[in-house]
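Remarks on the overall topology
What follows is the residue order along each chain.
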Amino acid sequence: CLLDSEEDNSTTQVKNGGLSADVTKSDGDKTSNVPYQCLVNIIKDLTSSRNWMTSSKNGDDAMETDENSQPLIPIVSLQTTLELSLLQSANLLPNPPPTTAKAKAIKARGGKGGAAAAVAADDTPVDFVHKKLKKINTDMYYRQHKFNLLAEESEGYAKLLSFFVVGINEGGTAGEDDTNGDSSYKEARKYVRELIGAFDLDPNRVLDLALDALEWELNEIMTSQQTKKSSSKSAANEEWGFEAINSAMSNVQSPKVVNTLLAIIRELDGNSRTGRAVAHLLGFKYRSYNNRAAKIAAVAAEKEKDAKDATDKAGSGNGKSASAPTRIYPRSLFISTAFLCAHGLVDPHNLLPHLNSTLNLIDTYKTHTTNTIKRLKKLGVVSLNSSKADKKDAKEDADDHESADRDAAFQNDPVIGIFRAFLAMGDWDRSAAFLAHATLPEFDSAVKDSDGDKMFSAMELAVLAACSLSDSVGADLCAWVGAMIKYVSNENGDSDKSTSTSRASILPPLNSPFPSETPLSEISAVLIAPLSSLSASGVVRLAQPLYVNLCRLYNKKLALTNSESEVDVKCIDDNTMSVLSTFMVPSLSLFPSDTLLPKELWSLLKKLPYTLRYNLYSAWRKPGLEKGTLRSMLPKDFKSGKIPKPLGNIESEIETGIAARYVLKRISKENIKDMGRQLSKTSHNNPLVVFTDILAKIESYDNLILMMVDTFQFATELSLDVMGYCLLLSLGGGDEGGHRRSGTKMGGLNTEQWLASLETFTGAFYKKFPDVELRGILIYLAARFKDGESSELGVLRSLIKTAGGYGFVDYDSTASLSELQLDGRCGSRLLKRETSSFGVVDNINRNASQHLRAVLQGGDLGVMMLLLLSQMRLKILYTKAGSGTEHVKVIGNAYDDCEAVLCLLLEFLSDSSDDQASGSSTKEKFAASMPSLADLHSKYGLDAAVAWMLCRPLIRKSMFFKDDSKLTGKSSQNVMPDFLKRFAASPEMTTSCEKLLPQGAWKDLTPSMFQAFYSLSIYDILCPEERYNIEIGRLKKEVERLTILQKGGHAALGQMSALAAAAAAAGASANEVRQATAFTMVHREELDRLKRNVDQLNKDFQRQQKRCEFVTSMLESQKEDLICSEESNGTFASAFMTFCIYPRCFLSPEDSLFCAQFIKVLHRMKLPGFSTIELIDSIVNAATGSLYCMTEDEAGNLAIFLNEIWKSVNSWRYNNDAFSTELKGSPGSKLSKAYAEANNIGDHSITDGITHDDFKALYTQWHSKIGVSSIGCLASSEYMHTRAALIVLSRIVLVYPTQPKVGDKILKSLSSLQSEDNPRPDIRATAQGYCSQLTKARDEGMWKEENIAVTRARQEKEKAKAEERKKNLALQHENMKKESEAITREIGDGDRYGRDRRDDRGRFDDRGRPWGPDPRSHQQRVPPMNASAPVFTPKVGAQRELGFADRREHERRGGGQERDVYVPPNRRDGPVTRRQEEGRGERRKRSRSPDRGGDDSEHQQAKRSRGEWAPPRRSARR
């Protein structure tokens, strides 16, 4: 149809003349008009009748034309929808009316109106339709039908305004009985409709008047409320914040007027939810106010310019310039807008096109953020340029002006005004969404995409920017949060709600505060967004009461959640955790440093598990402290305004760091009290900053440790808890996942300085503050032990030693233990403590010890660490040694440290000495956590010796539980407690023991022997009687000394003098010296402690004696079960050594002593089949081979064991009586047949035992083996071989060597080790020490087999060497004397000093100088370097301390005159006592006094009678 009619349409257009120009165009242009022509053809076809539109009467399909047929689309429809050009082309427009005769005449005359008539005559159909439409529209929109406007007849509007202002409030048409019901609103709406109908009022104008009436009513409510609260004249100009608006809207005396106006406005707006009409009317108001302000501002600017020009011309003058109005929009307009939005009468987003906001909030916030960051980077930077001060003042003035301009812009910005008023209505979400929509373009895209996260992010950013730039906005937000929680945080709950019926609230009910029963999760979900904005902007610093109320609210809700001390982690939802991490904890930095807020926050945080608390501290710290956050940011972060930490927090941290470092530079022991308080005060609001800096100082300077610990007594509980977190972080337990610092130095032998200092600080800190959280550090250590890392072993060691009070159990190395300490370790716990530090006992904090033990017992943490340490021993050996990168000394030290800490921790966990004080059973808790013996070996992979070591405290408890029950004061228990049954001797225990060793081992060992060996300890078989007596005697002497000091008198003068001398030497004053000689509370406490210890040691001694007797009798009763065969089979000794002695001997010094003493006990028991000789042979073979593969502590343990064994061997070798009584004829002297044949010993040794000659041969063999092995180790190039040999030989130096041949070889081997060329200084020092000991032992006759002639020859040789040394010294002295005389001759004699070298009596001193002052001292003095320095003048009576001689010295030396000549003290007559000084003073007085009554004077007799004077003691020389 379209293509066929193309040519026809072209022809038609040419004929009509309308489109003739298009035909003449080119083909391309013609093609471009085809679509338009096609459309015209379609319209024509649709409006013309067709044959197919009617059907044939005959019923066939033929179509025919009918006159009444209609087009497919009515022409009227096309005329109302299509464009006029299309209608004209389709000939569907009506033709214009024909030209009248009058018009033709006017056109012919060309008179008035001729042109218009001519134009009308030539109108086309399109022009005619245009004119007709204009007439219709003008008649429809601009023809006046209502004449009663305000400027005209105003009766209707007068009645309407009267009703709005007065009628509603006085009752109007509503009855007095139903003032607040729906009927009153219906009557009011009916009355307004009647006025509109009666007076033909404009509904839009009526709606505008209703909005004005509502605004006026709300303004009256606010004004009256403010007038009541403030009587000042400036109340009218004050800002209406949240509290003012919310309180006024919540306490309206007559809400009827407002509610009625709302109902009327809602009806006039057509009950529209979006309020399009209201939005347009409100927008018109905002535009009009803005335009008026712009005009006033333009006029003011023009006047200011003119005044300025006039002033410039006149040269002077004080013309005042007009200024723009301070307030553009009335406050009531914001309130009415927000009120309508809150009640759903208008959508606030529809107002945005009408609001002219000149404040670019986000850009201003980014600029503010950039400037603040620049300012923060300059904090703490010292400028030496004085001119910078003026620039700083100018910059501060500029900042103040900028802040004032920003405040004015916020005050006049309509978006901010509506947001604040909207927030005062209580709707947070809608108000924040409105602000985000007005300031952030991203909000629109987020809404369209339905992206909730982007929407909430935009809302938070907008509110954050507003709060950061305006404190008023932040204060409103704080007030909103406070209003939401006022019922929940109140202790009385909802009971404080107003019950008065005279006042009511006109706020929407959906925005009411939380009820008191609201759960914490719902509260957090609502408050998380505003609280995050408050914290990030730092405005919460203005609302300290709000922060306190929130802390108390969360504290109360968490207390209701769980009644236990700590809340379960599952009870803390994500929203609550977010509130705590983003607001509660970080906001503390924004407040001034005080103790109130940290206490409130700690009352909340202490209910949380320590894991959550540490997570909160980590969030508080990230991404860095002080300027660390700024350094971690990129430039794009500065421009975007997205700061990872609030700038207020960063500024507070920088200021706190500056203050803390100022104090740390000036703190000392003298001012620790004052400076400590000041330092703790700075840490109240930013403990992370202060404690991180303190720990950094401690890592470098360990002398600060004790001072810092004393300083923390002034810190709050929150600060101490943060200190625990910072300490964990410094040790490497942070969650940052960065590179961990190395705990050892480059060689791996020594601990790094920072770690060593932190180890010491950890013990001292937790000893002083035991209540600080400790589980974090212990669990971190357990995790490190699980990874096989041994560098943090010192931390656990320090905790147990210092905080736990178990330093007496620990030792630096087994080689350093003395015989006294070893004897003490065989006794009770008190004997260990008294002998560990040679009588110096440290103060113990029992609370710290009990708390540490309780933490280790909780959750099986202590036993878990025991198992990890046991497994780590093998990891150290087979992991580090297998890598090949670690030195063998490093591996050995790590293994020894692990073993020592394992023993220390086991002793601490199993010690039940404090059970009576703590009221708990340590053993029971330990047994509940400890796995069985079989599980330790099979499940946890521990060897038999270590598994027995862990279970031994419980096994011994099960063996001696009756004795322990008597000790604790309980009645004797005949029934074993249930917790000990798993570890008691039973068939099940025997079966478990059999699984610990190979099956072949039980052919030579019996289960009874195995259990007896591993079940007992050194305490059970050896009582150090001598050491008990020595320590008891020493303590009794101390008691006697303190008792004498307590009684005073002449007996205490010696002690008082010693105390006074010690105090004077320490620089004490006279008063302090007097106090030092008094018996103080410290002495009383020490006396009480000594008395208790004496009694306790006596009890311990008696108890241990009984225990040893009981164990000996028990072993005697089990003699038959201890050994398989009564005859020596040659394999028992090797089996016993392999599976019993060797594994246990290397564990600890106590175990090595036990192994030696257990062998002696079995030997003294004369156990049949127990061959002591063969066992000693096995020991020597094992010891000589082990020297090449042991650590330092293992060498020390072996040395202790070998020393005890070799004492008996030496006694049997060189003492015939000892051999006859102890060894001869005993089962221990009998040999097996194989051993006898191997060593060429007769058969008599099998039946009767060896003879003394046989033993001498065996002794020589053993002696030679030890010597060969030791010399080989000393000559080895491997460090550990030499070190182990020196440790063993140093321990047994008094018993080995006894043969000079071996001794000389050892001395020869030591010569190369002692030389200065030895690159190992520790080896050189140890070798020199051992060489001196060995030489001394040789000289004292310890080399028992040395020939007498050789001994005498050596003594003569040494005597000759001594004489030679003496001659050399004499010759040296003579040469020095000659040199001195030569110097004297060169200098000259005494004549050069102007006087003879003799004194008044003509004598010279022994130095050739005259007595008296040296004349050279009268020469002209050289002026001092500091002329203003004070001249030292001794006090009266200070000559005694300065050591001036008395008159006796002058008389003895022949001095005729009395002169004070300085003589060094203790030179001739020994130390000068106080009595001698008094005597000397008296003699001086007598010599100068004319009365020479001597000792017979009355004064001296009176002194003697009072006991105040005694004759001075004469020296022995006189």
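Residues numbered from 1 in each chain as written. Predicted model: local features only at pLDDT ≥ 70, side-chain atom pairs only at ≥ 80, totals over all residues. Heavy atoms only, no water.

Quick look at the overall build of the protein
- Check the secondary structure of the protein and you find 71 helices and 0 strands.
- Relative to its 1518 residues, the protein shows a buried fraction of 44%.
- When contacts within the protein are restricted to residue pairs at least 6 apart in sequence, those whose partners lie at least 24 apart make up 74%.
- By element, 51% of the accessible surface of the protein is carried by carbon and sulfur atoms, the whole surface being about 80100 Å². (Helix = DSSP H or I, 4+ residues; strand = E, 2+ residues; numbered from the N terminus. Buried < 20%, exposed > 50% of the residue type's maximum accessible area, 1.4 Å probe, protein only. Contact = heavy atoms within 4.5 Å. Areas by Shrake-Rupley, 256 points an atom, 1.4 Å probe, with all protein chains shown as cover.)

Regarding the pattern of salt bridges
- Counted under the stated rule, the structure contains 50 salt bridges.
- Notably, a salt bridge pairs E1192 with R1283, separated by 3.6 Å at the nearest N-O pair. Of this pair, E1192 sits in helix α59 (residues 1192–1214) while R1283 sits in helix α64 (residues 1279–1291), and the two are 91 residues apart along the sequence.
- By relative accessible area, which is 16% here, R1283 ends up buried.
- Where salt bridges share partners, they join E834, E1031, R1034, E1086 and R1089 into one cluster. (Salt bridge = Lys/Arg side-chain N within 4 Å of Asp/Glu carboxyl O.)

Points about a nonpolar patch on the surface
- A cluster of nonpolar residues, L133, I136, M140, Y141 and Y142, forms a patch on the protein surface that exposes about 620 Å² of accessible area.
- For Y142, the position within the fold is in the loop between α9 (125–141) and α10 (155–170). (Patch = residues over 30% accessible without salt bridge, like charges linked within 9 Å, V, L, I, M, F, W, Y side chains within 5 Å.)

Considering the side chain of D269
- Looking at where D269 falls in the secondary structure, it is placed in the loop between α14 (256–268) and α15 (276–314).
- Residue classification places D269 among the buried positions, given a relative accessible area of 12%.
- One polar contact links the side chain of D269 to the main-chain amide nitrogen of A277, over a distance of 3.5 Å. (Polar contact = N/O pair within 3.5 Å; in protein donor to acceptor, adjacent residues only side chain to side chain.)

Looking at α64
- Here α64 is 13 residues long and its end C-alpha atoms lie 19 Å apart, about the 18 Å a rise of 1.5 Å per residue gives.
- For α64, a buried count of 12 out of 13 residues is recorded, marking the element as mostly surrounded by other parts of the structure. (Expected span 1.5 Å × (residues − 1).)

Some words on the packing of aromatic side chains
- Counting across every chain of the model gives 42 aromatic pairs.
- A centroid spacing of 5.5 Å and a plane angle of 80 degrees characterise the contact between W1002 and F1010, whose relative ring orientation is edge-to-face.
- Assessed through its relative accessible area of 14%, W1002 is described here as buried.
- Ring pairs connect the aromatic residues W948, W1002, F1010, F1013, Y1014, F1132, F1136, F1154, F1158 and F1170, which therefore count as one cluster.
- For the cation-ring pair, R853 lies above F908, with the distance from its terminal atom to the ring centre recorded as 4.4 Å.
- Geometry around W1343 places R1338 over its ring, the cationic atom sitting 5.7 Å from the centre. (Phe/Tyr/Trp six-rings, centres within 6.5 Å; stacked < 30°, edge-to-face > 60°. Lys NZ or Arg CZ within 6 Å of the ring centre and 35° of its normal.)

Re the environment of L1122
- Among the structural elements, L1122 can be located in the loop between α55 (1081–1117) and α56 (1132–1145).
- Residue L1122 is classed as buried on the basis of its relative accessible area of 1%.
- Taking the C-alpha atoms as reference, L1122 lies 6.0 Å from T1006; in sequence the two are 116 residues apart.
- Residue contacts for L1122: discarding those within four places in its chain leaves T1006, S1008, M1009, A1012, L1115, L1162, M1165 and L1167.

Comments concerning the packing of helix α40 (residues 829–836) against α55
- In contact at an axis separation of 9 Å, α40 and α55 are set at 125 degrees when each is read in the N-to-C sense. Of the possible angle classes, the one that applies to α40 and α55 is oblique. The handedness of the crossing between α40 and α55 is left-handed. Contacts between α40 and α55 involve L830, L831 and E834 from the former and R1089, N1093, Q1096, L1097 and D1100 from the latter.
- Tallied by class, the residues present in the contact of α40 with α55 amount to 3 nonpolar, 2 polar and 3 charged. (Axes fitted to C-alpha atoms, helices over the stretch in contact; angles between N-to-C directions. Parallel < 35°, antiparallel > 145°, perpendicular 65-115°, else oblique. Left-handed = near helix turned anticlockwise from the far one by under 90°. Nonpolar A, V, L, I, M, F, W, Y, C, P; charged D, E, K, R; others polar.)

A closer look at the confidence of the model for the protein
- Summarising the model, the protein shows a mean pLDDT of 79, and 77% of its residues fall at 70 or more.
- Between residues 1–32, whose pLDDT stays under 50, and residues either more than four places distant or in other chains, the model counts 18 contacts. (pLDDT = per-residue confidence, 0-100.)

Overview of the packing of helix α63 (residues 1252–1274) against helix α65 (residues 1300–1313)
- Packing of α63 against α65 leaves a shortest axis separation of 10 Å and a crossing angle of 10 degrees. Between α63 and α65, the angle falls in the class roughly parallel. For the pair α63 and α65, contact is made by H1263, G1267, I1271 and L1274 and by V1302, K1305, I1306, S1309, L1310 and L1313, respectively.

Structural notes on the nonpolar core
- Residues F164 and F1136 are the most contacted members of the largest nonpolar core, which totals 341 residues.
- Element by element, the count of residues in this core is highest for helix α43 (residues 888–910), at 13 residues.
- Excluding its chain neighbours within four sequence positions, the residues that come into contact with F164 are V192, V206, L209, A210, A213, V257, L261 and I264.
- In this structure, I1032, L1035, L1090 and C1108 belong to the second largest nonpolar core, which totals 14 residues. (Core = buried A, V, L, I, M, F, W, Y, C linked by side-chain atoms within 4.5 Å.)

Describing the side chain of T814
- For T814, the location among the structural elements is in the loop between α38 (793–803) and α39 (819–825).
- Among the polar contacts listed, one links the side chain of T814 to the backbone oxygen of D1193, at a separation of 3.0 Å.

What to know about helix α22 (residues 452–469)
- Taking 1.5 Å per residue, 18 residues should reach 26 Å; α22 reaches 26 Å between its end C-alpha atoms and fits that length.
- Within the span of α22, buried status applies to A458, M459, A462, V463, L464, A465, A466, C467, S468 and L469.
- Two or three places before D453, at the opening of α22, D451 has a side-chain oxygen 3.3 Å from that residue's backbone nitrogen.

Focus: unusual backbone geometry
- Across the junction of K622 and P623, the peptide omega takes the value -10 degrees, indicating a cis bond.
- By secondary structure assignment, the location of P623 is in the loop between α28 (610–621) and α29 (628–632).
- The omega torsion of the bond from Y1296 to P1297 falls at 0 degrees, within 30 degrees of zero and hence cis.
- Within the element layout of this structure, P1297 appears in the loop between α64 and α65.
- Positive phi outside glycine occurs at N91, with the angle close to 60 degrees.
- Positionally, N91 belongs in the loop between α6 (84–89) and α7 (101–109).
- Here the phi dihedral of E626 falls at roughly 55 degrees; this positive angle occurs in a residue that is not glycine.
- Here E626 shows up in the loop between α28 and α29.
- For E626, a relative accessible area of 15% puts it in the buried group.

Here's the deal with the state of the cysteines
- Evaluated as defined, the whole model comprises 0 disulfides.
- With no disulfide of its own, C903 has C898 as its nearest cysteine by sulfur position, at a separation of 9.6 Å.
- Here C903 falls in the buried class, since its relative accessible area comes to 17%.
- Counting only cysteine sulfurs, C993 is the nearest neighbor of C951, a cysteine outside any disulfide, at a range of 9.9 Å.
- With a relative accessible area of 0%, C951 lands in the buried category. (Disulfide = S-S within 2.5 Å.)

So, the environment of L440
- By secondary structure assignment, the location of L440 is in the loop between α20 (428–439) and α21 (442–448).
- Residues L440 and I362 lie 78 residues apart in sequence; the distance between their C-alpha atoms is 7.5 Å.
- Among all residues touching L440, those that are not within four sequence positions of it are I362, A458, L461 and A462.

Here we look at the environment of I779
- Along the polypeptide, I779 turns up in helix α37 (residues 775–786).
- In this structure I779 comes out as partly exposed when scored by relative accessible area, which is 40%.
- Considered as a pair, I779 and M865 are 86 residues apart in the sequence and their alpha carbons are 9.0 Å apart.

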